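Read off the chains here:
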Amino acid sequence: MKRSGAWVAAVTGLLLAMLAVIAVLLFSLQPARFEWRDPGSRRLLVTAGSVTFYLMLFGLLGWRRSRRDRQRNSQAGDAVLVIHSSQTGHAEQIARQTADALQAVNVPAQLVALELLDAAMLGTARRALFIASTTGEGDPPDAALRFIRQVMMEAPELGELRYALLALGDREYSQFCAWGRRLDEWLQEQGAKPLFARIDVNNADPAALALWRSQLGVFAGHALDHWRQPEVRQWQLIERRLLNPGSAGAPCFHIALAPVSGNSGWEAGWEAGDVLALQLPGDPPVLRDYSIASLPSDGGVHLLVRQTRRADGSLGVGSSWLTQSGEIGGTLPALLRSNSSFHAPDDARPVILIGNGTGLAGLRALLKSRIASGAHDNWLIFGERNAEHDFYYREELLAWHGQGALKQLDLVFSRDGERHEYVQDRLRARAPALREWLERGAAIYVCGSAQGMATGVDDALHEILGAAGVEHLRESGRYRRDVY
Ligand SMILES: Cc1cc2nc3c(=O)[nH]c(=O)nc-3n(C[C@H](O)[C@H](O)[C@H](O)COP(=O)(O)OP(=O)(O)OC[C@H]3O[C@@H](n4cnc5c(N)ncnc54)[C@H](O)[C@@H]3O)c2cc1C
Ligand SMILES: Cc1cc2nc3c(=O)[nH]c(=O)nc-3n(C[C@H](O)[C@H](O)[C@H](O)COP(=O)(O)O)c2cc1C
């Protein structure tokens, strides 16, 4: 298709040249036979003229089309693809900053999620920047599965591609930046050439991020001065309520924070699924993530926070400020981070929300947003220890259930029965209903502890649906996780 315009122009040029040669031959070799007054000679001339005119018109159109194709291709080829592969939004945020900074120095940049990339798009790109996070135990983000199966398996030839890769991870995990490393190796195997060596980032290390920015400056031919920092704002603690008095587990609190807008007129905006990152004192400051449990229409950010005690008995920095030391009315800096892979579906399809403990936070925000939009096909499977002490947001959940806005509610209190039952066990027991909901197009959202709960739920799903069934859900974006 790309070359059709050029091809038409070339063929037309050839035809014109042939016609010119024939005309010259006609006139030069048989001048005596051509007579103006002879109708036959005149018809011949008119026919030759018309054919020449149409061929020229055809050629001109072909040439214009070829020029337009060339321009369009060169524009697409010139745009740098900024590709993110993210589980909880950090990579997506850095990709956005990267694309904005490049645009600011007139380097066209196109932001794209790895899961939306196909082999043809990558095969025709000439420059790409990858920002890839590792999750689980050295795993790629859930959404990357589609790319792995459809693009990596296809092994496209990438000899024309120059790329750079920023790998996000944490050295506390045994397989540091494993997904970024795997992607880097694969790109080189396909023939792509690195613009500069891969940069591995340990726990959002500012020095590594500064190196990425300066290397990109060299690549762009301009220092990237317009690096839009995430908007760190002051948030005021307006409410703290213990939700589990008498619990066998650590204290868990409902926390409400309101943005301090000051004179800037700034209004906080976020979606269900997003995260609030606290900026705690340190050099450099430390960021802490909490899943948001409310919508902007609630007037502030609600969090569900477990007071964390370390092995030496001391309280964790972030959770202790929120649950104990921070004064009501006191403020602390924090930023909102979009976590688009945990946003609600944009249609009214059924959703199955599975979580334990503070994982109810993200699920509560999703439920609120679904109910606000009139989507009532919601099923919550929530697990904690005892119904008497650990049934967070009891009245709210029961009211939604009673109104039909939460169609199915499974409460799994592991220490209430004789047999310890967890959310994954309940999922197995409800296998026929799970299949029926999935047949109706349901999406599964899992929020809460990575160890134990999320792995247990994943195992249960594999047992019920088989590996292919689970992969199909992940690939089609119908199995999403916000686990920690
Ligand atoms: C996506 C996501 C969502 C989450 N949602 C929730 C939620 O809804 N509710 C909830 O209770 N918890 C949630 N968590 C866990 C939460 O972020 C904290 O890990 C937890 O509250 C303990 O933090 P802490 O600061 O109290 O403990 P700490 O032990 O002080 O800190 C925990 C970790 O922070 C790092 N850290 C702390 N101080 C420093 C420092 N000075 N320098 C470098 N690193 C440091 C260390 O890696 C340490 O292991 C979530 C985590 C993630 C990743
Ligand atoms: C549940 C969980 C599992 C993680 N597993 C790994 C890992 O195996 N290796 C690693 O290097 N980093 C690991 N990390 C650290 C993340 O890669 C790092 O926090 C990154 O900034 C997250 O980026 P994202 O928000 O784009 O997903 C993990 C983080 C979480 C919350």
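One structure accompanies this document, and this report is about it.

**Observations regarding the overall build of the chain**
Then step 1. Each helix and strand counted, the chain has 14 helices and 17 strands in total.
Then step 2. Taken across its 484 residues, the chain has 34% of its residues classed as buried.
Then step 3. Across the chain, contacts joining residues at least 24 apart in sequence account for 75% of those joining residues at least 6 apart.

**Focus on the site of ligand 1**
Then step 1. Inspection of the region around ligand 1 gives 23 residues, with Gly316, Gly318, Ser319, Thr358 and Tyr484 positioned closest.
Then step 2. Counting residues per element, the ones that place at least two in the shell around ligand 1 are β10 (286–291), β11 (301–306) and α8 (317–325).
Then step 3. Counting residues per element, the shell around ligand 1 draws most heavily on β10, at 5 residues.
Then step 4. Residue composition of the shell around ligand 1, by class: 9 nonpolar, 9 polar and 5 charged.

**Considerations on the environment of Trp270**
Then step 1. For Trp270, the location among the structural elements is in the loop between β8 (252–259) and β9 (275–280).
Then step 2. According to the C-beta neighbour criterion, Trp270 is partly exposed, with 18 such atoms within 10 Å.
Then step 3. Sequence separation of Trp270 and Leu336 is 66 residues, and the distance between their C-alpha atoms is 7.1 Å.
Then step 4. When near neighbours in sequence (up to four residues on either side) are disregarded, Trp270 contacts Ile292, Pro296 and Leu336.

**Observations regarding unusual backbone geometry**
Then step 1. In this model, Asn106 sits at a positive phi of 65°, which is unusual for a non-glycine residue.
Then step 2. As for its placement among the helices and strands, Asn106 is situated in the loop between α3 (90–104) and β2 (109–113).
Then step 3. In the Ramachandran plot, Tyr393 falls in the positive-phi region, its phi being about 55° despite a non-glycine side chain.
Then step 4. By secondary structure assignment, the location of Tyr393 is in the loop between α10 (387–390) and α11 (394–403).

**Regarding the site of ligand 2**
Then step 1. Within the structure, ligand 2 sits among 24 residues, and Ser86, His90, Ser133, Gly169 and Tyr173 are positioned closest to it.
Then step 2. Elements with a minimum of two residues in the shell around ligand 2: α3 and β4 (162–169).
Then step 3. Tallied by class, residues from the shell around ligand 2 come to 10 nonpolar, 12 polar and 2 charged.

**Digging into the nonpolar core**
Then step 1. Core analysis: the largest hydrophobic core is formed by 63 residues, its most contacted members being Leu276, Leu303, Leu353, Ile354, Ile444, Tyr445 and Val457.
Then step 2. Residues lining this core come from more than one domain, with at least three contributed by each of domain 3 (233–338) and domain 4 (344–483).
Then step 3. Setting aside its immediate chain neighbours within four residues, Ile354 contacts Ile381, Val423, Leu427, Ile444, Val446 and Val457.

**Regarding the pairing of strand β3 (residues 127–133)**
Then step 1. Of all 7 residues in β3, 6 are buried; the element is thus mostly enclosed.
Then step 2. The pairing of strand β1 (residues 80–85) with β3 spans 5 bridges and is parallel. Residue pairing for β3: Leu81 is matched across the bridge by Ala128.
Then step 3. Pairing geometry for β3 and β4, over 7 bridges, is parallel. Counted as the bridge partner of Arg127 is Arg162 from β4.

**With respect to the sheet that holds strand β7 (residues 233–242)**
Then step 1. Taken in spatial order, the 6 strands make up an open sheet running β10-β9-β12-β7-β8-β11, and their pairing is antiparallel. Each edge of the open sheet is held by one strand with a lone partner, namely β10 and β11. The mean angle between the axes of side-by-side strands here comes to 40°, regardless of whether they run parallel or antiparallel.
Then step 2. Across 4 bridges, the pairing between β9 and strand β12 (residues 331–337) is antiparallel. The partner of Leu276 across the bridge, within β12, is Leu336.
Then step 3. Lying over the sheet, α8 contacts β7, β8, β9, β10, β11 and β12, oriented at roughly 115° with respect to β11.

**Considering the sheet that holds strand β16 (residues 443–448)**
Then step 1. Strand order in the open sheet formed by 5 strands is β15-β14-β13-β16-β17, with parallel pairing between adjacent strands. Both edges of this open sheet fall to β15 (408–413) and β17 (479–483), since each of them pairs with a single strand only. Pairwise comparison of adjacent strand axes, ignoring direction, gives a mean angle of 10° for this sheet.
Then step 2. Alignment of strand β13 (residues 351–356) against strand β14 (residues 378–384), held across 6 bridges, turns out to be parallel. Counterpart to Ile354 in the pairing with β14 is Ile381.
Then step 3. Seen against the sheet, helix α9 (residues 360–372) touches β13, β14, β16 and β17 and runs at an angle of roughly 155° to β13.
Then step 4. In the packing of helix α14 (residues 450–475) onto the sheet, the strands contacted are β13, β16 and β17, and the crossing angle to β17 comes to about 165°.

Definitions and limits used
- Residues numbered from 1 in each chain as written.
- Chains lettered and ligands numbered in written order.
- Predicted model: local features only at pLDDT ≥ 70, side-chain atom pairs only at ≥ 80, totals over all residues.
- Helix = DSSP H or I, 4+ residues; strand = E, 2+ residues; numbered from the N terminus.
- Buried ≥ 20, exposed ≤ 12 C-beta atoms within 10 Å, placed from the backbone.
- Contact = placed C-beta atoms within 7 Å.
- Near = placed C-beta within 6 Å.
- Nonpolar A, V, L, I, M, F, W, Y, C, P; charged D, E, K, R; others polar.
- Core = buried A, V, L, I, M, F, W, Y, C linked by C-beta atoms within 7 Å.
- Domains from an automatic or database assignment.
- Pairing = 2+ DSSP bridges.
- Axes fitted to C-alpha atoms, helices over the stretch in contact; angles between N-to-C directions.

Geometric descriptors of this kind do not, in isolation, establish any biological role.
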